[in-house]
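Below, each chain spelled out in residue letters.
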Amino acid sequence: MSANEAGFNTRAVHAGQAFEPRTGAVVPPLHFSSTYAQNGIGGLRDGYEYGRGGNPTRDALQEQLAALEGGTHAFSFSSGLAAEDSLIRAIARPGDHIVLGNDAYGGTYRLINRVLGEWGIGNTPVDMSNLDAVAAAVAASKTRIVWVETPSNPMMKITDIEALAKVAHDAGALLVVDNTFASPYLQTPLALGADVVVHSTTKYIGGHSDVVGGAIVVKDAELAEKIGFVQFAVGAVSGPMDAFLTTRGLKTLGVRMDRHSENAQAVAEWLLERPEVEAVLYPGLPSHPGHELAAKQMKKFGGMISVQFKGGEAAARKVAESTQVFTLAESLGGIESLMNYPSEMTHASVKGTDLAVPVNLIRLSCGIEDVEDLIADLEQAIGNITD
Ligand SMILES: Cc1ncc(COP(=O)(O)O)c(C=O)c1O
C-alpha cells in the first residue's frame, strides 16, 4: 500500500517517518546541524547543503503535512504568520488585491492590511459565507487571492469551499484556505478545489501548546516552486526542534480531534440550555446556520465554540476571568482547555474596524479533559455573573 492510499491515522504515524537505516531507530533522529559536509565542491549528500535550504527533520514534517492534507508539497515555517507572509509574497505583486473574510484572524488582517498594504497589496474584507458578496468584491478589483477561514475565528462561520473555489477560479484568483480550526483530520480543502492550505501549526497540528509554527500545503508544482523559493530566500523556516515537536504532535492528531469534537459538542449543547447565554456559535448544533454545510465538508465539528452572553461585555468578561479548568490565555487547539476574550486578546488588533468582535463574546478551545469537569467549570464561572 502506498503512503497516500493508507488511512488518515496511518499516514499521520508513518508519512516521512521511516526508521533510521543505520541503527534501526524507530523515531527518525532530530538533525540539529546547520550545515552539511560536501563530497568535493558542490558534491551534496542527498541534496543537503545548509539548514535554511533543507533539514531532514523539517523535510520529515513537510512530507507528513503533504500526506495528511492530500497535497504534493508542504512547507514548514517558524509561525503561522510567517507562512502567510511568505505565501502572499510568493503569489501577489504590488497592485494585486486580496479578498478575505470579514472575521479573519486579527493577525492575518493586520499582516495583509498594515504590512503588505504598505507594499501596494490591497484588500477587501467580506462575509465569506455570502458568495454573492464575495463574487462582487472579487469582480471589483484585480483579485489575486481569495482567503477564507472555515470555521472562522471566532464567529465560527462556515463557507462552502467548493463553491468559493469556483468563484475564485472564475475570476482568475487562487483560493487559500486557512485550515487551522478544522485541521486536515476534519477537512481537506485541496480535495474540495482550494489551491492552497495554510496553517498555524501552533494550534491543533502541534496540539500541545509547546511550539509555534506554520505551514503551507499545495498540489501544484509551479506554485510549489514559487513558495519554496520564498521559503529559502526569506528564510522564516521552522527550526529542527520545532519541526520535531510538530511532527510528534501530528502523529496523534486524529485521536485528539475525535476527543476535542466530542467534548465541544457536549459543552455546546449544555451552554445552549443556559438562560444567561444569548447565542452558542458551534457548527455541530443543528441551529447553527452552517450546520448542514459543515456536516458535508467536515468529518466532525471540531473543538472550538464561541458564546455570547445576554449580560453583555460585563458578563463575558466575568466568565472569562472565573474559570479554573479553562485557562485564560491566547491560542487554541492544545490538549488543555483555553478561554479567550477575543475583543481584547486575539482580535484586539481589529478593534474599532469592520472586523471587530462583539464584546459579549468569549471563545472556548475545548481540550481533551473529562467533559464533566469542563461543564462543571463553566457552570461555576457562569454562576459568577451578577445580573
Ligand atoms: C486561524 C489562525 N490563522 C493563523 C494564525 C497565526 O498563526 P501564528 O500565531 O502561529 O503565527 C492564528 C493564530 O492564532 C490563527 O488562529
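Peer 1: Would you mind going over the packing of aromatic side chains in detail, with residue names and values included?
Peer 2: Evaluated as defined, the whole model comprises two aromatic pairs. Look at Tyr 36 and Tyr 48: their rings are 5.4 Å apart centre to centre, the planes differ by 40°, and that puts the pair in the tilted class. Of the two residues, Tyr 36 is situated in the loop between helix H1 (8-14) and helix H2 (56-69) and Tyr 48 in the loop between H1 and H2; the sequence distance between them amounts to 12 residues. We note Arg 52 situated over the ring of Phe 232; from NZ or CZ to the ring centre the distance is 5.2 Å.

Peer 1: So, the pairing of strand S5 (residues 174-178): which residues are in play, and what are the values?
Peer 2: Counting buried residues along S5, five of its five residues qualify, which places the element largely inside the surrounding structure. The side-chain alternation of S5 yields two buried faces, one formed by Leu 174, Val 176 and Asp 178 and the other by Leu 175 and Val 177. In the sheet, strand S4 (residues 143-149) pairs with S5 via five bridges, with the strands oriented parallel. Opposite Ile 145, over in S5, you have Leu 174 as the bridge partner. Following the chain from S4 across helix H6 (residues 161-170) to the adjacent parallel S5, one finds a crossover that is right-handed.

Peer 1: Outline the pattern of salt bridges, listing residues and values.
Peer 2: For the coordinates displayed, the defined rule picks out 11 salt bridges. A salt bridge links Arg 274 to Glu 276, with the nearest nitrogen and oxygen atoms 3.0 Å apart. A relative accessible area of 17% means that Arg 274 is categorised as buried. Glu 344 is the partner of Arg 317 in a salt bridge, and the nearest nitrogen-oxygen pair spans 3.4 Å. Here Arg 317 is found in helix H12 (residues 312-320), whereas its partner Glu 344 is found in the loop between strand S11 (338-340) and strand S12 (361-365), with 27 residues between them in sequence.

Peer 1: An account of the site of the ligand is needed here, citing residue identities and associated values.
Peer 2: Inspection of the region around the ligand gives Ser 79, Gly 80, Leu 81, Glu 84, Tyr 105, Asn 153, Asp 178, Thr 180, Ser 200, Thr 202, Lys 203 and Gly 213 as its neighbouring residues. Taking Asp 178, its side chain carries an N or O atom lying 2.6 Å from a nitrogen atom of the ligand. Between an oxygen atom of the ligand and a side-chain N or O atom of Thr 202, the distance comes to 2.7 Å. Relative to its unbound accessible surface of 390 Å², the ligand loses 91% to contact with the protein. Among the elements that take part in the shell around the ligand, helix H3 (residues 80-91) stands out by supplying three residues, more than any other. Here the shell around the ligand is built from residues that sort into two nonpolar, seven polar and three charged.

Conventions adopted
- Residues numbered from 1 in each chain as written.
- Predicted model: local features only at pLDDT ≥ 70, side-chain atom pairs only at ≥ 80, totals over all residues.
- Heavy atoms only, no water.
- Phe/Tyr/Trp six-rings, centres within 6.5 Å; stacked < 30°, edge-to-face > 60°.
- Helix = DSSP H or I, 4+ residues; strand = E, 2+ residues; numbered from the N terminus.
- Lys NZ or Arg CZ within 6 Å of the ring centre and 35° of its normal.
- Buried < 20%, exposed > 50% of the residue type's maximum accessible area, 1.4 Å probe, protein only.
- Pairing = 2+ DSSP bridges.
- Right-handed = clockwise from strand over helix to strand, strands pointing away.
- Salt bridge = Lys/Arg side-chain N within 4 Å of Asp/Glu carboxyl O.
- Near = heavy atom within 4 Å.
- Polar contact = N/O pair within 3.5 Å; in protein donor to acceptor, adjacent residues only side chain to side chain.
- Areas by Shrake-Rupley, 256 points an atom, 1.4 Å probe, with all protein chains shown as cover.
- Nonpolar A, V, L, I, M, F, W, Y, C, P; charged D, E, K, R; others polar.

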